[in-house]
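Residue strings, one per chain:
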Amino acid sequence: QVQLVESGGGLVQPGGSLRLSCVASGITFSFYDMGWYRQAPGKERELVTTITSGERTDYADSVKGRFTISRNNAKNTVYLQMNSLKPDDTAVYYCNTGIGRKNYWGQGTQVTVSS
């Protein structure tokens, strides 16, 4: 049974930083590409960043230069380091992986950027 569990969200002031974590279980983690998505109130879920099994990364234009995705295969964990946070980054952040034709999601972690 595949499970993804996110943590690390919270309330932060504009310009601040947070690090999100997502622990995966039920899969051979190192085999799979991983991604972070986010969904703001009233908006569709959007892709933030991805990291392949070979650690190639890609970012949405809105977060380039501010967010960094990384993975630790020994800990079955993918991270999202978020710096220079803006109010527009406020959203629920979800961890994701795709296996075959199926997408797996975590429960999400709330990130709120506000003064």
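We now turn to the structure provided with this report. Just so we're clear, the structure is a prediction, and the values are computed from it rather than from any experiment.

So, how was this worked out
Residue positions within a chain follow its written sequence, with the count starting from 1. The predicted nature of this model means local features are confined to residues of pLDDT at least 70 and side-chain atom pairs, given and counted, to a pLDDT of 80 or more, with totals for whole chains, interfaces and linings taken over all residues. Hydrogens and waters are ignored; side-chain quantities use all the structure's heavy atoms. A run of H or I in DSSP counts as a helix once it spans at least four residues, and a run of E counts as a strand once it spans at least two, with each numbered from the N terminus. Burial classification: accessible surface area is computed with a 1.4 Å probe over protein chains only, and a residue below 20% of its type maximum counts as buried, one above 50% as exposed, and the rest as partly exposed. In the sections that follow, a salt bridge refers to a side-chain nitrogen of Lys or Arg positioned within 4 Å of a carboxyl oxygen of Asp or Glu.

On to unusual backbone geometry. Leaving glycine aside, a negative phi is the common case for residues, and trans is the common case for peptide bonds. Despite not being glycine, Glu 55 shows a phi value in the positive range, around 70°. Among the structural elements, Glu 55 can be located in the loop between β5 (46-51) and β6 (57-59). Despite not being glycine, Ser 84 has its phi angle at roughly 50°, a positive value. Within the fold, Ser 84 resides in the loop between β8 (77-82) and β9 (91-99). By relative accessible area, Ser 84 is classed as partly exposed at 40%.

Its place among the elements puts Gln 107 in the loop between β10 (102-105) and β11 (109-113). Once the C-alpha coordinates of Gln 107 and Gln 3 are considered, the two residues, 104 residues apart in sequence, prove to be 9.5 Å apart.

Okay, the pattern of salt bridges next. For the structure shown, the criterion picks out four salt bridges. The salt bridge partner of Asp 89 is Arg 38, with a shortest N-O separation of 2.9 Å. Of this pair, Asp 89 sits in the loop between β8 and β9 while Arg 38 sits in strand β4 (residues 34-39), and the two are 51 residues apart along the sequence. A relative accessible area of 2% places Asp 89 in the buried class. Arg 38 gets classed as buried once you look at its relative accessible area, which sits at 6%. Asp 61 is the salt-bridge partner of Lys 64, the closest N and O atoms lying 3.2 Å from each other. Three or more residues are tied together by salt bridges with common partners; here these are Arg 38, Glu 46, Arg 66 and Asp 89.

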